[in-house]
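One letter stands for each residue in the lines below.
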Amino acid sequence: MSGQQFPRRTPHFIIIGAQKCGTTSFYRNLLRHPQIVSASKKEVHFFDVNFAQGIDWYLDHFPPIAADDPLITGEASPYYLFHPLVPERVAKFSPAIRLIVLLRNPIDRAISHYYHQHRRGEETQTFLSAIELENQRLEKEEARILADHDYESNTHRNCSYLTRGRYIEQLQRWMKFFPKEQFLILKSETLFADPTAIMQQSFQFLGLEPYDLDQFEVFNQGNYEPLDTQTRRRLAEYFQPYNQKLEQFLQMQFDWEMTNPNSLEMQQQTGQVSHQKPALTLERAKQKLEQSRVWLNQFQSSSFEIPSIAKTEIKNLPNLAFITCIEPGYLEAQSLLLYESIRRHTGRFRHCPIYAFSPRPGYTLSHIMRKRLEQLEVIYSDRPLNTRLPFFSMANKAAACAEVEAQGQHEILVWLDSDTLFFREPQQFDLPDFFDVAVRPINRKRNCTSGLVNHPFDAYWRTLCQYGQLDYNDLPFLETCVDRKIIKACYNAGLIVVRSQKAIFRQWFELLQKSVDGGFDPRVDLVWDNDQPALSIAIWRNTKKVNILEPVYNYNIRAIDNPPQQKMLESSLPLVHIHYHKTFNFEYLDRNPLLQPDFELEESLKSWLLPRLPIDKPFPETDLSQSSLCFTSSLLHS
C-alpha cells in the first residue's frame, strides 16, 4: 500500500561485550542469517556515551520492520559490559531484551586492548608501564561516572586493560537487572575454534531457524609481539581468583589460567601467529617406497650414543619416572625406540627411571630383550598385574601406572604409549604447584559426548561418572585436537603426566574394572577406547588443576595432513613428543610426512631416527655395555 508506515523495531538483542573478544567477527557473521537485519552501524554506544541524545536518536539507528515480518535487529557496543550505568538503563528501556557476551582469556584481551590503543596513538606507555599505571589512572573514574551521569571518561574506557578482564564483577552487576536466562555467554576461543557450533547456538538463542554459514569470516585480527613468560605468569596469577569466581558464578568452565601461556593455540587465538601459507610443504611426497628407502639408507651407518651423566645431573635429577608397557612382538621395537629417545633427547629427564611392564600373564619377554632393556637402564617387571581384564590390552597401562603410583617413590609420573617418542626436552613435565595433571585432549570425538542428553554416548558417560563418584556437571568441556568438536573432557591416554600423591592412576584402574563389571565390554568397538573416558573421570574426581599441554606434545603424526594439525606446524614451535601409530612401519614410510626430504626435521634427529626405520624390521644391535648410565642404575636401585 502506497505511503504505508512501518513501525520502528526496538533491538531484539544487544552484544554487550567484551571489547577485543571477537564481537566484530561475531556480529558480522550473525548478520548473514537472513532473518537478522543490521543496525545502521555495529556500535551505536547509546547507553554508555550517547545517552543524552534521547531514545528517538537511538531508535533511528534501526531499520523499519513490518509488525508481521519475522525479522529481528540488534547492535553490538562492547563498552556496555564495563560501563557502570548501562545495565540499569537497558533494563528500563527493554527488560526482556536478549543479551550476548563474548569472554576471552583476560590476558589476551588486555594485550589486544593495549595494542589497539597504541596503534591509534592514544597510548604512549609500554604495556608494562600502562598496566602499572592503571590503578592510578582509573582511581575515582567510576565513582565520578556514577555521580555525574553526563560525564564521559576516556580514561575509564581506554586505559582499563586489566580491569575490563575482571568479568565476574561486570556480569554480577548486569545480573542484578536481568536473569541469567536472558544471557548467552560465549567463550571467544571456542567461537574461533568451532564457529559452526557457536553460530547455531546463537541463532537458537535468538529464536531463529538454523542457518548454515559456508564459512566464518574473521575481522580485526591483530598482530603483535608475544608476551614474555614472566609477565604472562604474573598476569595469570592476577586474574586467577577472578576467573575462578566467574566459573563458579556461571557454572561454566573456562580454564584460562590452566592454559599454557606460550601455547600455539593461545598465540593463534591472540593473533600472535601468522596464518599465512606455511613455508614448509606438508603434502605427502609422491615418490614410490623404493625412493623413500634409498633416502633412508644413506643413514644406515649411524650408531647410537648414550649420553653421559654427571654428578651435578644426579643431584638435580627431577623426581619423575616414566611408565610403559611392553609385550613380545611389535611393541618391542616401538618400546626400544621410545626408551632410546628418552635417554637421548629429554635433557634433564634423560636419566629418570623408566619402568616397563608386561602385566598380562603369558606375555613375558625373552632373555635377549630383557638384556636390551638393562642396557637402556629400563626397570622391567612381568608381574601379572592385569588378571581381571586380560582380554583388554588397554587396561595394561592403567594397571602398570597404578603399580608405580602405589610405590610412592616419585613425585611426578609420566605414562607413555610405546608408539611415541621424544625429539627434545619436555619442559612442561615440571608440574608447578597449581597443576596436578598435564594432558592433551583426545584427537577425535568418537565415543565422547557433546553434553546433550540425547547424544548417543551421553548415558554412557553419565554412568561412568556414577561409577567414578564424579558429578557429571563437574566434567568440563574441551575441544578435540583433530576434528575440533566440543565435548565433555576426554584426554588422550598416549601421554599422561600426573602428581602421584593424587592417586589418579589407582582410581583409573578401578574405574576401568567397574565399567567392565557394569556391562561396558571393551571388546565391543563402540567402547574399545573406554580407558580414556575412565582416565578423564578419574582426573576430575581428584583435581581441577589440569594443564592442557602444548600441541607439540603427543603430536598425532597420523593426522599431520589435517588442517588443524597443519596450523600447529606453521609456527616456529618445534615438536617435543610425537605419537606416530603405525607410520614408522615399512608399508607406511612413503606416507609419513616426517620422513620426506621437504619436511624440516633437524639433521641430528634425522641421522638418529632414520637408521632405526622401519620399526617392523629387526632392531639394530647396539653395544651399550660401556655406557656411563651404569652409574645411574646403581643409584636407582640403591
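First things first, this report covers the structure right here in the doc. (Residues numbered from 1 in each chain as written. Predicted model: local features only at pLDDT ≥ 70, side-chain atom pairs only at ≥ 80, totals over all residues. Heavy atoms only, no water.)

A few words now on the overall build of the protein chain. Helix and strand counts for the protein chain come out as 24 helices and 17 strands. Scored against the burial criterion, the 638 residues of the protein chain give a buried share of 57%. (Helix = DSSP H or I, 4+ residues; strand = E, 2+ residues; numbered from the N terminus. Buried < 20%, exposed > 50% of the residue type's maximum accessible area, 1.4 Å probe, protein only.)

Quick look at the nonpolar core now. By size, the foremost hydrophobic cluster in this structure holds 54 residues, and its most contacted members are Ile100, Leu103 and Trp174. Ranked by the residues each element gives to this core, the list is headed by strand β4 (residues 98-103), at five residues. Counting residues in hydrophobic clusters, the runner-up holds 52 residues, among them Leu475, Leu478, Phe505 and Ala538. (Core = buried A, V, L, I, M, F, W, Y, C linked by side-chain atoms within 4.5 Å.)

With that settled, the discussion passes to empty space enclosed by the protein. Counted according to the given criterion, the structure contains two cavities of 30 Å³ or more. What the second largest cavity holds in volume is close to 60 Å³. Contributing to the lining of the second largest cavity are eleven residues, with Arg440, Asn443, Cys481, Asn554 and Tyr555 lying nearest its centre. Among the residues forming the lining of the second largest cavity, the class breakdown is five nonpolar, five polar and one charged. (1 Å grid on protein atoms, 1.4 Å probe; cavity = no way out; pocket = protein on both sides within 12 Å on 5 of 7 lines; lining within 4 Å. Points joined across faces, edges and corners; volume = space filled by probe spheres on them. Nonpolar A, V, L, I, M, F, W, Y, C, P; charged D, E, K, R; others polar.)

Another aspect to go through is the layout of surface pockets. Picture a little ball the size of a water molecule; that probe, rolled over the atoms, points out where space is still empty. In this structure, the second largest pocket occupies an estimated 990 Å³ of space. Taken together, 32 residues make up the lining of the second largest pocket; nearest its centre are Met394, Asp417, Asp419, His579 and His581. Among the elements of the structure, α16 (330-345), α18 (395-407), β9 (412-416) and α21 (531-542) are those that each provide at least two residues to the lining of the second largest pocket. Looking at the lining of the second largest pocket residue by residue, the classes come out as ten nonpolar, eleven polar and eleven charged.

Take unusual backbone geometry next. At the junction of glycine 17 and alanine 18, the peptide bond is cis and its omega measures out at -5 degrees in the coordinates. Within the secondary structure, alanine 18 is located in the loop between β1 (13-17) and α1 (23-30). In this structure, the amide linkage connecting leucine 613 to the following residue, proline 614, adopts the cis form with an omega of -10 degrees. Tracing the chain through its elements places proline 614 in the loop between α23 (603-609) and α24 (630-636). We note that glutamate 377 has phi near 60 degrees; this positive angle belongs to a residue other than glycine. You can see glutamate 377 is positioned in the loop between α17 (367-375) and β8 (378-381). One non-glycine residue, histidine 581, adopts positive backbone phi at about 55 degrees.

Moving on, we come to the pattern of salt bridges. In total, this model carries 26 salt bridges according to the counting rule given. Lysine 92 serves as the salt-bridge partner of glutamate 88, at 3.4 Å between the closest nitrogen and oxygen. Highlighted residues: glutamate 88 and lysine 92, both in helix α4 (residues 86-93), separated by four residues, approximately one helical turn. For glutamate 88, a relative accessible area of 37% corresponds to the partly exposed category. A salt bridge links glutamate 340 to arginine 612; the shortest N-O distance between them is 2.8 Å. Linking glutamate 340 in helix α16 with arginine 612 in the loop between α23 and α24, this pair joins segments that are 272 residues apart in sequence. Taking the relative accessible area as the measure of exposure, arginine 612 reaches 5% and is therefore buried. What you see here is one network of salt bridges that share partners, running through Glu411, Asp436, Arg499 and Lys502. (Salt bridge = Lys/Arg side-chain N within 4 Å of Asp/Glu carboxyl O.)

With that settled, consider the sheet that holds strand β10 (residues 420-422). An order of β10-β17-β16 is seen for the three strands of this open sheet, with the pairing classed as mixed. In the strand order of this sheet, the two ends are held by β10 and β16 (555-556), each with one partner. Here β16 runs beside strand β17 (residues 577-579); their pairing, made up of two bridges, is parallel. Bridged to tyrosine 555 within β17 is isoleucine 578. (Pairing = 2+ DSSP bridges.)

What follows deals with the sheet that holds strand β7 (residues 354-357). Sheet architecture is open: seven strands sit in the order β8-β7-β6-β9-β14-β11-β15, paired in mixed fashion. The open sheet has two edge strands, β8 and β15 (546-548), and neither has a second partner. The sheet shows a mean angle of 20 degrees between the axes of neighbouring strands, direction not considered. (Axes fitted to C-alpha atoms, helices over the stretch in contact; angles between N-to-C directions.)

Here we take up the environment of asparagine 50. Within the element layout of this structure, asparagine 50 appears in the loop between α2 (46-49) and α3 (55-59). Between the alpha carbons of asparagine 50 and aspartate 150 there is a distance of 9.2 Å; along the sequence they are 100 residues apart.

This part covers the packing of α1 against helix α11 (residues 195-205). Running from amino to carboxyl end, α1 crosses α11 at an angle of 65 degrees, the nearest separation of the two axes being 11 Å. When the axes of α1 and α11 are compared, the crossing they make is right-handed. Listed contacts from α11 to Phe26, Asn29 and Leu30 of α1 are Met199, Ser202 and Phe203. Counted by class, the contact of α1 with α11 contains four nonpolar, two polar and no charged residues. (Left-handed = near helix turned anticlockwise from the far one by under 90°. Contact = heavy atoms within 4.5 Å.)

So, about helix α19 (residues 458-467). Asp458, Tyr460, Trp461, Leu464 and Cys465 are the residues of α19 that are buried. Along the axis of α19, the buried positions cluster into a sector of 160 degrees, meaning they face one direction only. Projecting away from the buried face of α19 at angles above 90 degrees are the exposed residues Ala459 and Gln466. Packing partners of the buried residues in α19 comprise β13 (486-488), α20 (504-517) and α21. Phi for glutamine 469, located one or two positions after α19, is positive at around 60 degrees. (Arc of directions from axis to C-beta.)

Burial within β9 is extensive, with five of its five residues counted as buried. Bridge analysis of strand β6 (residues 320-325) against β9 gives four bridges, and the strand direction is parallel. Bridge pairing links isoleucine 323 to tryptophan 415 in β9. Two strands pair when backbone bridges link them, and β9 and strand β14 (residues 495-499) are joined in this way by five bridges, in the antiparallel orientation.

We now examine the side chain of arginine 499. With respect to the helices and strands, the residue arginine 499 is situated in strand β14. From its side chain, arginine 499 meets the backbone oxygen of leucine 431 in a polar contact 3.4 Å long. Those residues in contact with arginine 499 that lie beyond four places of it in its chain are Glu411, Ile412, Leu431, Pro432, Asp433, Phe435 and Asp436. (Polar contact = N/O pair within 3.5 Å; in protein donor to acceptor, adjacent residues only side chain to side chain.)

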